[in-house]
Amino acid sequence: MAAVPETRRDWKAEADELRTVVFHLRRKLLALAMVLPIESLPLLEADPETIESAVDLGDLHLLDFDDGLRMVESDVATELRLLWARLAVRGGA
Amino acid sequence: MSPRRVSIIVLCWNRWQLTARCLETLRQHTDLTDAEVLVVDNGSTDESPQRLAALDWVRTVRNETNLGFVRGNNVGIEATDSSHDVLLLNNDVEILSDGWLDELRRAAHEAPDIGVVGCRLQLPDGRLLHAGTFILPDTMWGQQIGALEADVGQYAANRDVQGIVFACAYLKREMVTAVGGLSLDYESYFEDTDYCLRAQRAGFRTICCGKVTILHHEHGSTSDDPKMFERVFSRSRATFRKSWQAELDSRYSRSIDWQSILNFSTGYAMSSREILRALEAAGVKASYSYVYGKGTPFPLEEPENSGDYLLNVISGRKATAAASVVYGQGDVFIKNRGSRRIGYTMLEVDGFPAEWVRQANQMDEIWVPTAFNRDGFLESGLKRPIHVIPLGVDIDHFHPGIKSHPNPHGDYVFLTNFEWGERKQPELILKTFNQTFRRDEPVVLVCKVINRNGSLQIKKLIQALHLRASGGRIAFIFNREFPYAQLGSLYRSADCYVSAGRGEGWDMPLMEAMACGLPSIATNWGAHTEFVHAGTSYPLETRGTIPAKALCPYYDGFSWADPDPEHLRFLLRYIYENREEASALGLRAAAEMAAEWTWDHAARRIVARLDAIGA
């Protein structure tokens, strides 16, 4: 944890750092808005509970779900490496 | 008492770089307090003689010419002290870890009748090369057990084998005294199996020590020259055939014709493969033929190549046995062509279809793997004798020492593995898990799912469950086919296995997970209760039975379990919060699987039954 700012200069540095974080978050949000389907855009302004009810599992756990009948020959090490990476990308992992 | 002193014999011929690497790793990883290193230089003309002379920790014996593998090693054996054990080591190996010699020595002295000890050999690319060898009298062509499988730590136990590759061979002195050196009938190839068989004839066993793995570069001096290889190999093979054909043939004391399925990804096929391997090891000469195909419920033609040498040989044998087993669904029993006709089957509900019973009543006897199925068959009208012949599990590939690929983030991992369908009731585990945990908890459910049914859209089915985004996280491995030898690695990468289906005919994935040492949740109803109990797993209570409604026509009119979601929820949370207790339970499961439920056990039951009917 960062040390508590003690001087005016420290407070200013802290504020600048937070502004930078907000700046990057805004950029990510704008980038997200550009790639989201149009019908999903209102969700960006919705409250968390509305988002929760509107987003089904497909948006989270099924992102990489390759539905179909084709059996793919693979190996355990590769698939698990991909699986753990997918989980990490989705957050909370 | 100090351990028996060992003379390590390294045979070399030119290629100093190989020898140097071998000796370097040997010195790095070997306590030479009770060992000496003896290099037999087989007439090298490169820098080897000078380099060897500079090594004061190595004793060198020089042959003026290249005497070949057999004579070269015999020169080394003759140069050892007669009180020492002997270890033959190729110069194209690398020792990988400390303690290897102590492990081999310990294995050799575990029992007085152990004479030859080999070890696991690994290729430089990480694949397994060898965990013992065998030669079938049908072909007289040596095979290396485990060859080219991804090395996940399989064959980790000390196992009796017919032979070993002499790239690394620990020979106990008592056996060397009784058997002598390598046979001079061979220049190279087959001399190692010949030696192991001679040791056996003298009363000594050969084992492969699973605790030791060394790297083998396979730079044999003849295999690099195809013409020379062909000449030496053919001559040695002919010699071996002359010496051992009759003895290898005489090892079969019983025979059986196995009509089933082998070369598809089905439960019957997978277990057929294991049963045939176990029967071979038990001295039962089995032949195999495909029981399905045109005019049967599974009309596909079977590919000829099983991808496995032993199984291909068995498939090529003629059916001559008195006893013939049809191992498959009961509506193909009628295809049994033996004089003693046996039908071997299982089903996931509490009874058997009328057609299965009709055909079963035309057999001489019926086998089922569980008492659950025996009772169901009898209640459905079976009139013929019925015997419980359990299946088993491959503890060489499914054990707690198998390599894992754990979640690097440290989440607790529940694993389930099934083909999507009514019987497995996937919605139960998905919904219950999602409701039991929160998204921000370090726990995840990994579902390995197979779907071969074109009428099902799995993604839509999952979306229809309306799982909460804030609930427990679920990840899927969908329609991925893994080499069977690697499956243990999947189980070992999880912390707990869940089998919450409505009914099982056996539940091999559950048994494999248990053999790997995973605690498991398993529905407390059906065939698998034969091996599932509270001492080794967490039985999932049911709310009774309900009519079995499914696409599968065999279930019509029968019942299966209705697992209790509340109890599943309780068990998931309980195991997550009591993981040490769960882990201990998993290890007890692994011990019980190894002690009572291997394929060797299954083969012994079949042998006992064949003996009882005089087949």
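What counts and how
- Residues numbered from 1 in each chain as written.
- Chains lettered and ligands numbered in written order.
- Predicted model: local features only at pLDDT ≥ 70, side-chain atom pairs only at ≥ 80, totals over all residues.
- Helix = DSSP H or I, 4+ residues; strand = E, 2+ residues; numbered from the N terminus.
- Rg over C-alpha atoms; globule rule 2.2 N^0.38 Å.
- Buried ≥ 20, exposed ≤ 12 C-beta atoms within 10 Å, placed from the backbone.
- Contact = placed C-beta atoms within 7 Å.
- Nonpolar A, V, L, I, M, F, W, Y, C, P; charged D, E, K, R; others polar.
- Pairing = 2+ DSSP bridges.
- Axes fitted to C-alpha atoms, helices over the stretch in contact; angles between N-to-C directions.
- Arc of directions from axis to C-beta.
- Core = buried A, V, L, I, M, F, W, Y, C linked by C-beta atoms within 7 Å.
- Right-handed = clockwise from strand over helix to strand, strands pointing away.

Novice: Pulling in residues and values, what's your account of the overall build of chain B?
Specialist: When helices and strands are tallied, chain B shows 18 helices and 27 strands. Taking 615 residues into account, the globule formula puts the C-alpha radius of gyration at 25 Å, and chain B, at 27 Å, falls close to it. Reported as C-alpha extents along the three principal axes, the dimensions of chain B are approximately 80 × 65 × 45 Å. Considering chain B as a whole, with its 615 residues, one finds that 50% of them fall into the buried category. Contacts in chain B between residues far apart in sequence, at least 24 positions, make up 71% of those at least 6 positions apart.

Novice: Residues and numbers for the interface of chain B and chain A, please.
Specialist: By a widely used convention, the size of an interface equals the accessible area lost when the partners come together. Tallying the contact residues gives 37 residues for chain B and 31 residues for chain A. For the side of chain B that touches chain A, the secondary-structure elements that each account for two or more residues are β20 (443-450), α13 (458-463), β21 (473-478), β22 (480-481) and α14 (487-492) of chain B. Here the side of chain B that touches chain A takes 6 residues from β21(B), the largest share from any one element. Residues of the side of chain B that touches chain A, tallied by class, amount to 16 nonpolar, 13 polar and 8 charged. Here 2 bridges tie strand β1 (residues 72-73) of chain A to β22(B), and the two strands are oriented parallel to one another. Considered in β22(B), the bridge of Val72(A) is made with Arg480(B).

Novice: I'd like a rundown of the sheet that holds strand β18 (residues 386-388) of chain B, residues and numbers included.
Specialist: Residues and elements named next belong to chain B. An order of β14-β13-β15-β16-β17-β18 is seen for the 6 strands of this open sheet, with the pairing classed as parallel. The two strands at the open ends of the sheet, each matched to only one other strand, are β14 (284-290) and β18. Neighbour to neighbour, the strand axes of the sheet diverge by 25° on average, direction disregarded. Two elements, strand β13 (residues 254-260) and β14, share 7 bridges in a ladder whose sense is parallel. Each residue of the ladder has a partner; that of Ser-255, found in β14, is Lys-285. Relative to the sheet, helix α18 (residues 599-613) contacts β13, β14, β15 (323-327), β16 (340-344) and β18, its axis offset from that of β13 by approximately 115°.

Novice: Hey, could you go over helix α4 (residues 100-108) of chain B for me, with residue numbers and the actual values?
Specialist: Turning to α4(B), its buried residues number three or more, namely Trp100(B), Leu101(B), Leu104(B), Arg105(B), Ala107(B) and Ala108(B). One side of α4(B) carries all its buried residues, which in axial view fall inside an arc of 160°.

Novice: Residues and numbers for the nonpolar core, please.
Specialist: Residues and elements named next belong to chain B. The biggest cluster of nonpolar side chains holds 119 residues, and the ones touching the most others in it are Ile-256 and Val-446. The dominant element in this core, judged by the number of residues it contributes, is helix α15 (residues 508-515), at 6 residues. Listed in part, the 69 residues of the second largest apolar core include Val-70, Leu-88, Cys-119 and Val-176.

Novice: I'd like a rundown of the pairing of strand β23 (residues 496-499) of chain B, residues and numbers included.
Specialist: All names here are of chain B. By the alternation rule, side chains of β23 split into Cys-496 and Val-498 and Tyr-497 and Ser-499, which are all buried. Sheet analysis places strand β19 (residues 412-419) next to β23, joined by 2 bridges and oriented parallel. In the strand pairing of β23, Leu-415 is matched with Tyr-497. Relative to strand β24 (residues 520-523), β23 is paired through 3 bridges, and the arrangement is parallel. Opposite Ser-499, over in β24, you have Ala-522 as the bridge partner. In this region the chain leaves β23, passes through α15 and returns to the parallel neighbour β24; the handedness of that crossover is right-handed.

Keep in mind these values describe shape, not function.
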